[in-house]
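If you want the building blocks of each chain, they are given just below.
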Amino acid sequence: MTRLYHGSNQEIDEIDLSLGLPDKDFGRGFYLTHLCHQAERMALSKGSRSQGGKPTVTVFEFDDEEARRQKLRIKVFDKPTEAWAKFVSENRHASRTGFTHRYDIVIGPVANDSMALQFRLYEQGYITLKQLARKITFPKDNSQHFFATERAIRLLRKVEVINL
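This one's a predicted model, so the numbers in the text were calculated from it and none came from an experiment.

### Concerning the sheet that holds strand β2 (residues 30–32)
Hydrogen bonds between backbone atoms are what pair the strands of a sheet, whose relative direction is either parallel or antiparallel. Pairing is mixed in the open sheet, where 4 strands are placed in the order β2-β6-β5-β4. What marks the edges here is a single partner per strand, and that holds for β2 and β4 (74–76). Direction aside, neighbouring strands of the sheet carry axes that sit 15° apart on average.

Take a look at the structure:
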């Protein structure tokens, strides 16, 4: 079992994949992290940007052994690489390009949200994929676990709620 954290402006009782925002690092879906402090930062950030609610971290356990038994399609990026940068770039423009991937779960680093300019420079051919990977790497310790399918989220079990 792996403990994962989701930071938001509300407690998560039921995961609804359709509520995920488009054009995120790994696509539209449900995002968590194995780092509680990262989820706390996200909860505080969402709480300050949204109207209503209060910063909350919902804690889940993920049955990774069952995911392997069920042969879920899992993609892991151990670190920021050119392949990771290309994958993030494709997902962040998916609503415009129609890009989709076939994974149930994607695990890897978080791209720095303030790097939209870098993506444009790469798309326009001013910087290479290697340069993009270096420039969009988030400067702090981070991770994200992305759940894209109902099959995947069925392996999450809510275990705790932390009100900030």
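That was the structure; now back to the text.
### Regarding the nonpolar core
Counting 17 residues, the largest nonpolar core has F26, W84, A85, V106, L132 and I136 as its most contacted members. Elements with a contribution of two residues or more to this core: α3 (82–92) and α6 (129–136). In contact with A85, other than residues within four places in its own chain, are F119, L129, L132, A133 and I136. Core analysis: the second largest hydrophobic core is formed by 16 residues, L17, F62, A67 and A152 among them.

### A closer look at the pattern of salt bridges
Inspection of the entire model under this criterion finds 10 salt bridges. Here E11 ties to K158 by a salt bridge, and the two come within 2.4 Å at their closest N and O atoms. You can see E11 sitting in the loop between β1 (2–8) and β2 and its partner K158 sitting in strand β7 (residues 156–163), a full 147 residues away along the chain. Residue classification places E11 among the partly exposed positions, given a relative accessible area of 37%. Owing to a relative accessible area of 30%, K158 belongs among the partly exposed residues under this scheme. Among the salt bridges present, the one from R92 reaches D25, with a minimum N-O distance of 2.6 Å. On the criterion of sequence distance, the pair formed by R92 in helix α3 and D25 in the loop between β1 and β2 is long-range, its members being 67 residues apart. Given the relative accessible area of 4%, D25 is considered buried. Each of R3, E61, R157 and E160 takes part in a single network of salt bridges with overlapping partners.

Parameters at a glance
- Residues numbered from 1 in each chain as written.
- Predicted model: local features only at pLDDT ≥ 70, side-chain atom pairs only at ≥ 80, totals over all residues.
- Heavy atoms only, no water.
- Pairing = 2+ DSSP bridges.
- Helix = DSSP H or I, 4+ residues; strand = E, 2+ residues; numbered from the N terminus.
- Axes fitted to C-alpha atoms, helices over the stretch in contact; angles between N-to-C directions.
- Core = buried A, V, L, I, M, F, W, Y, C linked by side-chain atoms within 4.5 Å.
- Buried < 20%, exposed > 50% of the residue type's maximum accessible area, 1.4 Å probe, protein only.
- Contact = heavy atoms within 4.5 Å.
- Salt bridge = Lys/Arg side-chain N within 4 Å of Asp/Glu carboxyl O.

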